[in-house]
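Residue strings, one per chain:
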Amino acid sequence: MAKSPQVLICLSADASTLKAPRVAFRRQLWSEQALPDNYTDETFLRSLKISVHGPIRSYWQVVREASAVTQQMDTVVVVAMVSAYLYKGWMSPEPLLCVVVVPMVLAGGFCTVAGNQSCIIYAKRAVRQLVLLTAGVYLMSPLLQTLTSSVSSDSIVALVCGLLTMHLYLHDYTFVDQMTDTLTGSMSMTAATFASVLIASQLKTQMQVFSQVLFSLEVHLLSPHARRYVRGKSVTANQALTLTMHLLVLMLLVIMSVSVAFIYAAVLGFVTFVCPLCLMRVQKCKAQINGPWDEAVPSIQMKQLKRHLP
């Protein structure tokens, strides 16, 4: 059967299109080309890269990094246990005030002996702020003692547990490596301070309220700076500090309840050893795809930039 002239014309047009030389595609911005914007050639997927910039972690490195989380958990439990000891009458406020004052005196003496001018200036400013803070807390102790007198203890305990959980969740755990200023970190510190005030309102005497609030502020506000200093100086010292904090918290818990101490020890073990293992396994399933579709990142040399600057 003979083909019509229209079919022959179409076939000849297709053949000429296939045999026509291809237009070279240039990967350039803001240049007019005969090809559409969504054109992809056979080399499009050759530069495909998967998880090239992903972090390479070792298990024991992640275990060491987990100390930032467990140390923060220890600070929360220490404040709660000290408050419980004061409430039950197992601890008097005078020794607790000594615990608050002695580290400050030692830190000031260390800065003085070191002879660093900036450290001495910082120590003087810290002492001045500490005096003002201590005077303010002492004057507000009667008000804080009766702050929640009309609220039930169960409601206070539930609110404190929620605030401390929010504190641990929103805490800026990168602060131990570098100075940071984030909104979540400020919210975390506010939650911890509010929880300390609510706990202090349940104590019986003004001196108990004063010592508890001052101790809580020192633990939540000042201890992160000390722990960051130790972490930056030596890995061994940081591990020793972490172990000491764990033992201290477990001793306080054992006196209160052995079962609670075992539960907390299990939580510490889970966070320290099991969570890093889960992170390592999940990291293998993460695929970060990079290719020619990524946004262009301009690379400007400083010498070239200075030439164009007036």
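Residues numbered from 1 in each chain as written. Predicted model: local features only at pLDDT ≥ 70, side-chain atom pairs only at ≥ 80, totals over all residues. Heavy atoms only, no water.

### What about the overall build of the protein?
Regarding its fold elements, the protein presents eleven helices and two strands. Counting helices and strands in the order they occur from the N terminus, the protein gives α-β-α-α-α-α-α-α-α-α-α-β-α. Taken across its 310 residues, the protein has 28% of its residues classed as buried. Considering only contacts in the protein between residues 6 or more positions apart, those separated by 24 or more positions represent 77%. Here the protein displays about 21,300 Å² of accessible surface, and carbon together with sulfur accounts for 67% of that area. (Helix = DSSP H or I, 4+ residues; strand = E, 2+ residues; numbered from the N terminus. Buried < 20%, exposed > 50% of the residue type's maximum accessible area, 1.4 Å probe, protein only. Contact = heavy atoms within 4.5 Å. Areas by Shrake-Rupley, 256 points an atom, 1.4 Å probe, with all protein chains shown as cover.)

### Notes on a nonpolar patch on the surface
Taken together, the side chains of Y138, L139, M140, L143 and M207 present a nonpolar region at the surface, about 520 Å² in accessible area. The leading source of residues in the nonpolar patch is helix α5 (residues 117–145), at four residues. (Patch = residues over 30% accessible without salt bridge, like charges linked within 9 Å, V, L, I, M, F, W, Y side chains within 5 Å. Salt bridge = Lys/Arg side-chain N within 4 Å of Asp/Glu carboxyl O.)

### Details of the nonpolar core
Of all hydrophobic cores here, the largest spans 30 residues; its most connected members are V213, F215, L253 and Y264. For this core, the element with the highest residue contribution is helix α3 (residues 67–88), accounting for eight residues. Excluding residues within four positions of it along the chain, Y264 makes contact with T70, M73, D74, V77, V249, L250 and L253. Core analysis: the second largest hydrophobic core is formed by nine residues, I156, V160, L163 and L164 among them. (Core = buried A, V, L, I, M, F, W, Y, C linked by side-chain atoms within 4.5 Å.)

### Brief notes about the pattern of salt bridges
Per the counting criterion, the structure on display carries one salt bridge. Across the salt bridge formed by E65 and R231, the nearest N and O atoms sit 2.5 Å from each other. One end of the pair, E65, is in helix α2 (residues 59–65); the other, R231, is in helix α8 (residues 206–233), and 166 residues separate them in sequence. Given the relative accessible area of 39%, E65 is considered partly exposed.

### Topic: the confidence of the model for the protein
Chain-level pLDDT for the protein is 79 on average; 76% of the residues reach the 70-or-more range. Low confidence marks residues 1–21, where pLDDT is under 50. Its contacts with residues over four positions away, or in another chain, come to two contacts. (pLDDT = per-residue confidence, 0-100.)

### Some words on the environment of V99
Assignment of secondary structure puts V99 in helix α4 (residues 93–114). By relative accessible area, which is 45% here, V99 ends up partly exposed. Linking V99 and F215, residues 116 residues apart in sequence, is a C-alpha distance of 8.0 Å. Not counting residues within four places of it along the chain, the set of residues in contact with V99 comprises F215 and E218.

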